[in-house]
Amino acid sequence: MNIIEIEHLKKYYGAVKAVDDITFWVKNGEFFAFLGVNGAGKSTTIGILSGDLPRTEGIVRVGGRDVDECPAQIKRELGVVFQSSALDPALSVYDNLKYRAALYSITGAAFRERLRELETLFELGGIMKRPVGKLSGGQRRRVDIARALVHRPGILILDEPTTGLDPQTRKGVWKTVNAIRKVRGTTVFLTTHYMEEAADADRVVIIDGGKILANATPLELKNRYTGDYITLYGAEEEKLRLLGLGYERVGEALRIEVKDTAEATGLILKHPDLFTDYEITKGKMDDVFLAVTGKRAEGGML
């Protein structure tokens, strides 16, 4: 079942085509990644999807309902985490969650029950009474996501959720998001320029200049736009040179790029004396993004 349906969506600002006739679907419970550089049309699409921006043309449905016809129901179905925190830094974590819950008429015993769930899921017990302004970046991000989920939406939209966070903190944020998907079956709609965050998505859409350039699973995209790599350890460079293949040195290893796994397997079987200590890896999502758009994603270099 499709939980989000977008058909021939357009958003024009005069001659500027921020979103230019895009169509895609997101299945219920799916981890969906929406990739593009700044200005590609990602945030504009989210603004239309969440009912904050009017569209120029097209169809946008959430749970089978048009976003313009049922705005209140749509907003209850969505939880949005923006790149900039929506939390009040002067208030405690508890108060931020309490006031957010009140907007959805979640008060009294219902709020206390929901708070216990969020406290356990996001490990908030030790920081519940602390002002948000005193929290670390990773702690604030956990609270941001908890705030977005306080009304139990079916869809969690993460708009560049880990920008500016260090790798360890980003890993912690994704541990929390994956737990949400496992426990609640929540649909996750991600925009990011950290390409490795999209590697585990069920489906990836790449947008550039307001147009969709690719729509497939990560594996399909890697097979279509990148090759495989054979990394050899302890190999004699002179023997490798005799194969007539291009290679590069990576630290103490040598790396060959091949068309696909079948070509890699053929080489290994033909030259077992050379391939004694090696590994085969596929291209990364960075390689896919560069091949599709001709651009490198900001912060996407691994």
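Shown above is the structure to which this text applies.
Each chain carries its own residue numbering, running from 1 in the written order of its sequence. Under the rules for a predicted model, residues below a pLDDT of 70 receive no local features and side-chain atom pairs below 80 are neither given nor counted, while totals for whole chains, interfaces and linings still include all residues. Water and hydrogen atoms play no part in the side-chain values, which are based on all heavy atoms of the structure.

**Points about the side chain of Ser 50**
So the rule is basically this: Counting from the N terminus, the helices are the DSSP runs of H or I reaching at least four residues and the strands are the DSSP runs of E reaching at least two. Contacts are assigned to residue pairs with any non-hydrogen atoms lying within 4.5 Å of each other.
Mapped onto the fold, Ser 50 is located in the loop between helix H1 (42–49) and strand S4 (57–62). Beyond its immediate sequence surroundings of up to four residues, Ser 50 is in contact with Lys 75 and Leu 78.

**Details of the packing of helix H7 (residues 218–225) against helix H10 (residues 285–293)**
Filter applied, for reference: For helices, the fitted line uses only the C-alpha atoms of the stretch in contact; every axis is such a line through C-alpha atoms, and the angle between N-to-C directions lies from 0 to 180 degrees. An angle below 35 degrees is treated as roughly parallel, one above 145 as roughly antiparallel, one from 65 to 115 as roughly perpendicular, and anything else as oblique. Here a crossing is called left-handed whenever its near helix is offset anticlockwise from the far helix by less than a right angle, and right-handed whenever the offset is clockwise. In this count, Pro and Cys sit with the nonpolar residues alongside Ala, Val, Leu, Ile, Met, Phe, Trp and Tyr, while Asp, Glu, Lys and Arg are called charged and the others, Gly among them, polar.
Here H7 crosses H10 at 60 degrees, and the two axes come no closer than 9 Å. Put simply, H7 runs oblique to H10. The two elements H7 and H10 meet at a crossing, and its hand is left-handed. Between H7 and H10, the contacting residues are Pro 218, Leu 221, Lys 222 and Tyr 225 on the first element and Met 285, Val 288, Ala 291 and Val 292 on the second. Partitioning the contact of H7 with H10 into residue classes produces 7 nonpolar, no polar and 1 charged.

**Overview of the sheet that holds strand S12 (residues 247–250)**
Definition in use: Here, strands pair whenever DSSP counts at least two bridges between them.
Strand order in the open sheet formed by 4 strands is S12-S13-S11-S14, and the pairing between neighbours is antiparallel. Each having just a single partner strand, S12 and strand S14 (278–282) make up the two edges of the open sheet. Each strand of the sheet is rotated relative to its neighbour by a mean of 25 degrees, with strand direction disregarded. Relative to strand S13 (residues 253–258), strand S11 (residues 228–233) is paired through 6 bridges, and the arrangement is antiparallel. Within the sheet, the bridge partner assigned to Tyr 233 lies in S13 and is Ala 253.

**Overview of the pattern of salt bridges**
Definition in use: Every case where a carboxyl oxygen of Asp or Glu lies within 4 Å of a side-chain nitrogen of Lys or Arg is listed as a salt bridge. Note on exposure labels: buried denotes an accessible area under 20% of the residue type's maximum, exposed denotes more than 50%, and partly exposed covers the range between, all computed with a 1.4 Å probe on protein chains only.
Summed over all chains, the structure comprises 20 salt bridges. Taking the shortest distance from any N to any O, the salt bridge between Lys 211 and Asp 20 comes out at 3.0 Å. One end of the pair, Lys 211, is in strand S10 (residues 211–216); the other, Asp 20, is in strand S2 (residues 16–27), and 191 residues separate them in sequence. Judged by relative accessible area, Lys 211 falls into the partly exposed class, the value being 41%. For Arg 55, the salt bridge is made with Asp 66, and the minimal N-O distance between the two is 2.7 Å. Of this pair, Arg 55 sits in the loop between H1 and S4 while Asp 66 sits in strand S5 (residues 65–66), placing them 11 residues apart in sequence.

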